[in-house]
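Residue-level structure breakdown
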Amino acid sequence: MARIVKEHVVRRNEILDVAQRLVYTKGYEQMTIQDMLDDLQISKGAFYHYFDSKQELLEALVERLGEEVVQLLLPIVHDPVLPALDKFRRYLATLNRWKIGQKAFFLALLRVWYADDNAIVRQKLRTAAIREIAPLLTEIIRQGIQEGVMTANYPDQVGEVIASLAQDAGEAIGVLLLSFDPERDDRQRVERTVAVYTDAFERVLGVPAGSLPLVDDQTLKEWFISPIDNEVEMKS
């Protein structure tokens, strides 16, 4: 029985690996199920044994990325000697570096992700992400309160609020990426948006202003390059 489960997981991940590569090389909208069948040399029936639709495949890809980032963050959260504010800073820095590492994938999916057809999927995955991330944030917040560097009341609820704010910030920045035009001085708009969410984070946690930079300047520059450069990067 264990072998069957393992084989199922391995085959499912093989399909996801191919799908993620095709998103890079062809784009999600242009990628077809037949492309995956040809690449994997499997039947349509074998594919539908794992995924009911292309949209379910998209959902699984995003879920797998979420699981990957949680595994990166757990050692930071559970570090027995790192102070709470340093944990939060390292948490944010690690998350930002990971997102930059997945930049081509996120850029390839961005327009599809915010399409009306995917609204239900977005909400479902948002809820799942908050459920996964909130306990990690709560652990850091509890530590911060004990250390006297955070003044937030109700740490469990605050963890959920911060996780929700993080999702909101990501969606706001994603929308700005879709419409970004350096010729319109959109960079200032981006910086103001990040500043607003950073201020909200710090106020909710009860930490001094400027102590928890949500996104550093270098990371913003790497995301908000010109549309032409982004297009080149997606195809490289």
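Above this text is the structure in question.
Residues numbered from 1 in each chain as written. Predicted model: local features only at pLDDT ≥ 70, side-chain atom pairs only at ≥ 80, totals over all residues. Heavy atoms only, no water.

Each helix and strand in the protein chain was counted, giving 11 helices and 0 strands. Taken over C-alpha atoms, the radius of gyration comes to 20 Å for the protein chain, in line with the 18 Å a tight globule of 236 residues would show. Principal axes of the C-alpha set define a box for the protein chain whose edges measure 60 × 55 × 30 Å. Per-residue burial for the protein chain yields a buried fraction of 43% across its 236 residues. The long-range share in the protein chain, meaning contacts at least 24 apart out of those at least 6 apart in sequence, stands at 69%. (Helix = DSSP H or I, 4+ residues; strand = E, 2+ residues; numbered from the N terminus. Rg over C-alpha atoms; globule rule 2.2 N^0.38 Å. Buried < 20%, exposed > 50% of the residue type's maximum accessible area, 1.4 Å probe, protein only. Contact = heavy atoms within 4.5 Å.)

Another point: the pattern of salt bridges. For the structure shown, the criterion picks out 10 salt bridges. Among the ionic pairs, E14 bridges to R11, the shortest N-O distance being 3.0 Å. Taken as a pair, E14 and R11 lie in helix α1 (residues 2–25) at a separation of 3 residues, close to a single helical turn. Here R11 falls in the partly exposed class, since its relative accessible area comes to 28%. (Salt bridge = Lys/Arg side-chain N within 4 Å of Asp/Glu carboxyl O.)

Under the counting rule described, the total for this entry stands at 7 aromatic pairs. When the ring of F180 is compared with that of F224, the centres are 5.1 Å apart and the planes differ by 70°; the resulting orientation is edge-to-face. Of the two residues, F180 sits in the loop between α8 (155–179) and α9 (186–205) while F224 sits in the loop between α10 (217–223) and α11 (227–235), which places them 44 residues apart along the sequence. Assigned by exposure class, F180 and F224 land together as buried. By way of ring pairs, the aromatic residues Y24, W98, F105 and F106 are connected into one cluster. Note that K54 overlies the ring of Y28, its terminal NZ or CZ placed 4.5 Å from the centroid. (Phe/Tyr/Trp six-rings, centres within 6.5 Å; stacked < 30°, edge-to-face > 60°. Lys NZ or Arg CZ within 6 Å of the ring centre and 35° of its normal.)

A few words on helix α6 (residues 103–113). Counting buried positions along α6 yields 8 of 11 residues, so the element is predominantly enclosed. Burial in α6 covers these residues: K103, F105, L107, A108, L109, L110, V112 and W113.

A separate point is the environment of R64. You can see R64 is positioned in helix α4 (residues 54–77). For R64, a relative accessible area of 19% puts it in the buried group. Once residues within four sequence positions are removed from consideration, R64 is found in contact with N13, L16, D17 and Q20.

Now for the packing of α4 against helix α7 (residues 119–147). Between α4 and α7, whose axes approach to 11 Å, the crossing angle comes to 5°. As far as their axial angle goes, α7 and α4 are roughly parallel. Contacts between α4 and α7 involve Q55, E59, V62, E63, V70, L73, L74 and V77 on the former and, on the latter, V121, K124, L125, E132, I133, L136, E139 and I140. Of the residues contributing to the contact of α4 with α7, the split by class is 10 nonpolar, 1 polar and 5 charged. (Axes fitted to C-alpha atoms, helices over the stretch in contact; angles between N-to-C directions. Parallel < 35°, antiparallel > 145°, perpendicular 65-115°, else oblique. Nonpolar A, V, L, I, M, F, W, Y, C, P; charged D, E, K, R; others polar.)

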